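What follows is the residue order along each chain.
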Amino acid sequence: MDSKTYIAKTLAGLEELLAEELNGIGAENVKILNRAVEFTGDDQIMFKANLYLRTALRILKPIYSFKTVDSTSLYRGALKLDWSEYLSLNETFVIDAVVNSEFFNHSGYVGLRVKDAIVDQFRNKYGKRPSVDTKRPHLRISVHLSYDDCTILLDTSGEPLFKRGYRLHGNLAPINEVLAAAMVKFSGWKGDTLFMDPMCGSGTIVIEAAMQALDIPAGIYRNEFAFERWKDMDLAPWYEMLSKEEERLENLPALNVKIIGSDISQAAIDIAEKNVEKAGLSKHITLIAKSFEKTIALSETGTIIINPPYGERLKKDYINSFYSMIGRRLKFKFENHKAWILSNNFDAIHHIGLHADSKKILYNGALECKFLEYSMYEGTKKIK
Ligand SMILES: C[S@@+](CC[C@H](N)C(=O)[O-])C[C@H]1O[C@@H](n2cnc3c(N)ncnc32)[C@H](O)[C@@H]1O
């Protein structure tokens, strides 16, 4: 099969993890970009990228590039591509444009001009045109405009890859699945010690942890990927890949470590239970309604990841003492454990009162967060 270039998009700060994952599935010429990683590979690699990558948001396939400085050159450039190679008259498409250029200031307008070119090309050839469908199109087209470089890409994924297909219900602040998967990877947890999220909300972090420990492909529960609807796509190797995985998953061994999610809110635990069940992980994840104030270690050692409330709706004094409680509890009740905390409340973070071994900046949606690592050794670390 022909090798093609692809762009895997990700969240800021996750590029290196994604590059590692790409190397792991056999992608070639892996190159880190800003919030994206470029790679080359055949269709099989593109299928694997969609199915297995935990830290990618979507996989795009560049198909055509040209220079443009105004509406006319944009239209003419887009007209030069033979769109019938990718789209049939009775199929539908949608265009999404990302613009970073002094020549164009409206991404909507850029998308519209490319749409005009596609529609006019079909109309001139056949007297008819394919229509636009924003919900479930056959072809998702992405237009990237940077200064005078315009690249047309096909979106191979469709719905972003963080939509894994296991989330039935969200709570008020579920974390992005891609970010949760990255946090588990950054923590270095290898599935060989206890894993705990004592403020688990809808269960995203424990589900991602279990999927990693059991080697469950990130995208296995999704209903669809965009490439499955492409014209002339040979899907036989894709279905073979899927059925091999489904067969393997039917005979998954039980984990010999505990994965525990707890939360003060019974309503959150009820939601987490449904998500865990949908992910087929009920026998691997234990969920408990319990406040962190009453939570104790259940093993000699383990990894704890916490995404506590950031306190947008809480009083400052309360949130600071809440973070102090987290620090004290970790220090005194979770000796010999590793803990990782993600928060965008930088003031409150100081009140944890433990020395962080490492810090990373990660983004939870638009919120800039710190992801801090703490090691609790018996008697060695002093609380500030
Ligand atoms: C930011 S949310 C976590 C979201 C979660 N990561 C997800 O993906 O759904 C914070 C969670 O902390 C829980 N929480 C707040 N105070 C708590 C406490 N004292 N003990 C345990 N959980 C608590 C809340 O009920 C909420 O579900």
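Residues numbered from 1 in each chain as written. Predicted model: local features only at pLDDT ≥ 70, side-chain atom pairs only at ≥ 80, totals over all residues.

Enquirer: Looking at this model, I keep getting lost on the site of the ligand. Mind explaining?
Expert: Around the ligand, the surrounding shell holds 21 residues, and the nearest of these are M199, G201, S202, T204 and F292. Across the shell around the ligand, the residue classes tally to twelve nonpolar, seven polar and two charged. (Near = placed C-beta within 6 Å. Nonpolar A, V, L, I, M, F, W, Y, C, P; charged D, E, K, R; others polar.)

Enquirer: What exactly am I supposed to notice about the packing of helix α2 (residues 43-52) against helix α7 (residues 236-250) here?
Expert: To describe two helices that pack against each other, one gives the angle between their axes and the distance between the axes. Two elements in contact, α2 and α7, have axes separated by 10 Å at closest approach and are oriented at 40°. Viewed along their axes, α2 and α7 adopt a mutual orientation that is oblique. Where α2 crosses over α7, the handedness of that crossing is right-handed. Here Q44, F47 and L51 of α2 come into contact with α7, specifically with P237, W238 and M241. (Axes fitted to C-alpha atoms, helices over the stretch in contact; angles between N-to-C directions. Helix = DSSP H or I, 4+ residues; strand = E, 2+ residues; numbered from the N terminus. Parallel < 35°, antiparallel > 145°, perpendicular 65-115°, else oblique. Left-handed = near helix turned anticlockwise from the far one by under 90°. Contact = placed C-beta atoms within 7 Å.)

Enquirer: Would you mind showing me how to read the packing of helix α3 (residues 71-80) against helix α4 (residues 107-126) here?
Expert: Between α3 and α4, the shortest axis-to-axis distance is 8 Å and the interhelical angle comes to 45°. Regarding the angle of α3 to α4, the classification is oblique. As α3 packs across α4, the resulting crossing turns out to be right-handed. Here S71, L74, Y75, A78 and L79 of α3 come into contact with α4, specifically with V110, R113, V114, D116, A117, I118, D120 and Q121.

Enquirer: Just to check I follow, could you spell out the sheet that holds strand β2 (residues 28-33) for this structure?
Expert: Adjacent strands of a sheet form backbone hydrogen bonds with each other and so pair up, either parallel or antiparallel. Taken in spatial order, the eight strands make up an open sheet running β2-β3-β1-β4-β8-β7-β5-β6, and their pairing is mixed. The open sheet has two edge strands with one neighbour each: β2 and β6 (131-132). Both strand β5 (residues 92-100) and strand β7 (residues 139-146) contribute to a ladder of eight bridges, which runs parallel. Paired with D96 across the bridge in β7 is S142. Contacts between α4 and the sheet are confined to β5, β6 and β7, with β5 contributing the most and set at about 135° to the helix. (Pairing = 2+ DSSP bridges.)

Enquirer: Teacher, can you tell me more about the domain arrangement of the protein here?
Expert: Reports of interface size often rely on the accessible area that becomes lost once the parts have come together. As assigned here, the protein comprises domain 1 (4-155) and domain 2 (177-215 + 252-375). Of note, the centres of domain 1 and domain 2, computed from C-alpha atoms alone, are 36 Å apart. Listed as interface residues are nine residues of domain 1 and, on the opposing side, nine residues of domain 2. Here the residues of the side of domain 1 that touches domain 2 are counted per class, giving five nonpolar, three polar and one charged. (Domains from an automatic or database assignment.)

Enquirer: How do you make sense of the pairing of strand β4 (residues 58-67) when you look at a structure like this?
Expert: Walk down a regular strand and you will see the side chains alternate between the two sheet faces. Relative to β4, strand β1 (residues 4-9) is paired through three bridges, and the arrangement is antiparallel. Note that in β4 the partner of I7 across the bridge is L60. Sheet analysis places β4 next to strand β8 (residues 149-155), joined by seven bridges and oriented antiparallel. Looking at β8, one finds that L60 is bridged to D155.

Enquirer: Would you mind going over unusual backbone geometry with me for this structure?
Expert: Trans is the common state for peptide bonds, and a negative phi is the common state for residues other than glycine. We note that D215 has phi near 60°; this positive angle belongs to a residue other than glycine. Positionally, D215 belongs in the loop between α6 (204-213) and α7. The backbone phi angle of N336 is positive, close to 65°, even though this residue is not glycine. Mapped onto the elements, N336 comes out in the loop between α9 (316-333) and β13 (337-343). Here N336 falls in the partly exposed class, since 14 other C-beta atoms lie within 10 Å of it. (Buried ≥ 20, exposed ≤ 12 C-beta atoms within 10 Å, placed from the backbone.)

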